[in-house]
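# Examination of the molecular architecture
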Protein chains: 2
Amino acid sequence: MKIEEEIKQQKFRSPQQKAVINTIYTANWIQGRLQETFKLFNITLQQYNILRILRGQHPNSISATEIKSRMLDKNSDVSRLLDRLLVKKIITKRTCPEDKRAADINLTEEGLELLRSIDKTQQQIDSILLLSEEEAVQLSELLDKCRG
Amino acid sequence: MKIEEEIKQQKFRSPQQKAVINTIYTANWIQGRLQETFKLFNITLQQYNILRILRGQHPNSISATEIKSRMLDKNSDVSRLLDRLLVKKIITKRTCPEDKRAADINLTEEGLELLRSIDKTQQQIDSILLLSEEEAVQLSELLDKCRG
DNA sequence: TAAATATATTTGTTTAAACAAGTATTTTAA
DNA sequence: TTAAAATACTTGTTTAAACAAATATATTTA
């Protein structure tokens, strides 16, 4: 369905405005699909985002600041997201000995296990977008370009 | 800057996965830019979204359900968003006489005035995306396509 | 027409985003 | 070398998303 039907708006000020609205709408749509998957594992999108970053480092630790710089939403409240993951025993946290301001964050064995279970559903996650490889590449190029 | 640099991730499972991540990242990026503008007027993106929809109907009223169906985020909590707009005296709300379950929502004169002020900044809003008209059209087509 | 179902909206709870302000270290620069 | 600035992180508040449940009214159907 075209965006004009999805939000019942026929006129846009410009193709650029329409693309802005479509990008936000589509991101919400994608996140809705992803949420359905992560809900099965009792984690949220933001929590998964952090786990994904931690795994990229594993078994090395990583600081909250570094996690934040790699997140999709640069405003995310990493401090409290980590608190929730700690309660779930998915991560560990300790003061970094070299810099006592910073914290060393690590995945626990339970966290790794969770990620392994999620992996098994990842094929579906990739096929959320009904685009060919070529179209997906083209979409990424346009998105990179529009951020300037 | 390319998405792989923005989030310091070099490898993706597929072009489709990269496009998913890029769409979410770019939507967050756009919303950050929009927020800067709306902050000057002391409203949030979601509140603006509702005002935009109300203006499309003005001077006719519209129900909360109908507003919800037109929003970019289909999960938005319209009931409480309307509460906040009521407190700001930007909208009015009364029980619909034909259907006492529903509410008739209208813009106030103050709400219209606010939208008029915001209008003056809209040229900037449109130029958030650094794309030509043709590229913007192409982006919208790809986004429509990827939702299937 | 009465009971079941559907619709419009509200309310409650947890998670998270946006923003500001605070604390404890570390770095820098006078 | 010590005061100022920067950095890493925490905490508090408001707004909002995600989800479930409740209430009131309207519609359908047996």
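Residues numbered from 1 in each chain as written. Chains lettered and ligands numbered in written order. Predicted model: local features only at pLDDT ≥ 70, side-chain atom pairs only at ≥ 80, totals over all residues.

T44 and N75 of chain A together with T65, S79 and A102 of chain B are the nearest of the 23 residues found near DNA strand C. If you list the elements that add at least two residues to the surface near DNA strand C, you get α3 (45-57) and α5 (78-87) of chain A together with α2 (15-39), α4 (64-70) and α5 (78-87) of chain B. It is α2 of chain B that contributes the most residues to the surface near DNA strand C, 3 residues altogether. Among the residues forming the surface near DNA strand C, the class breakdown is 4 nonpolar, 10 polar and 9 charged. (Near = placed C-beta within 6 Å. Helix = DSSP H or I, 4+ residues; strand = E, 2+ residues; numbered from the N terminus. Nonpolar A, V, L, I, M, F, W, Y, C, P; charged D, E, K, R; others polar.)

So, about the relation of the copies chain A and chain B. Superposition of the two copies of the chain requires a rotation about an axis and a shift along the axis. When chain A is fitted onto chain B, the two copies agree to an RMSD of 0.0 Å after a turn of 180 degrees and an axial shift of 0.0 Å. Taken together, these values place the two copies in the relation of a two-fold axis. A shared binding surface is used by both copies, with 100% of the interface residues of chain A retained as interface residues in chain B. (Least-squares fit on C-alpha atoms with pLDDT ≥ 70 in both. Contact = placed C-beta atoms within 7 Å.)

This part takes up the environment of G56 of chain A. Residue and element names in this part refer to chain A. By the secondary structure assignment, G56 is in helix α3. Residue G56 is classed as partly exposed on the basis of its C-beta count, with 14 C-beta atoms lying within 10 Å. For the pair formed by G56 and A19, sequence separation is 37 residues and the distance between their alpha carbons is 32 Å. (Buried ≥ 20, exposed ≤ 12 C-beta atoms within 10 Å, placed from the backbone.)

Further remarks concern the interface of chain A and chain B. Residue-level contacts link 49 residues of chain A with 49 residues of chain B. At the level of secondary structure, the elements contributing two or more residues to the side of chain A that touches chain B comprise α2 (15-39), α4 (64-70), α7 (122-126) and α8 (133-146) of chain A. Considering each element in turn, the side of chain A that touches chain B owes the most residues, 17 residues, to α2 of chain A. Of the residues contributing to the side of chain A that touches chain B, the split by class is 22 nonpolar, 15 polar and 12 charged.

Taken together, 23 residues sit near DNA strand D, with T65, S79 and A102 of chain A together with T44 and N75 of chain B positioned nearest. Only α2, α4 and α5 of chain A together with α3 (45-57) and α5 of chain B provide two or more residues apiece to the surface near DNA strand D. Broken down by element, the residue count for the surface near DNA strand D peaks at 3 residues, all from α2 of chain A. Grouping the constituent residues of the surface near DNA strand D by class yields 4 nonpolar, 10 polar and 9 charged.

Another aspect to go through is unusual backbone geometry. Peptide bonds are, in most cases, trans, and in most cases residues other than glycine have a negative phi. Looking along the chain, the bond that leaves H58 of chain A and enters P59 of chain A is cis, with omega of 5 degrees. Counting through the fold element by element, P59 of chain A comes out in the loop between α3 and α4. Phi angles above zero are rare outside glycine, and K89 of chain A is one such case at about 60 degrees. The residue K89 of chain A is located in the loop between α5 and β1 (91-95) in this model. One non-glycine residue, N42 of chain B, adopts positive backbone phi at about 60 degrees. As for its position among the elements, N42 of chain B is in the loop between α2 and α3.

Residues and elements named next belong to chain B. Those residues of α5 not exposed but buried are V78, L81, L82 and L85. For α5, the angular spread of buried residues about the axis comes to 100 degrees, placing them on one side. Exposed residues on α5 whose side chains face more than 90 degrees from its buried face are S79, R80 and V87. Packing partners of the buried residues in α5 comprise α3, α4, β1 (91-95) and β2 (103-107). Just past α5, the residue K89 takes up positive phi, approximately 60 degrees. (Arc of directions from axis to C-beta.)

Note that every value here comes from positions in space, so none of it alone points to a role or purpose.
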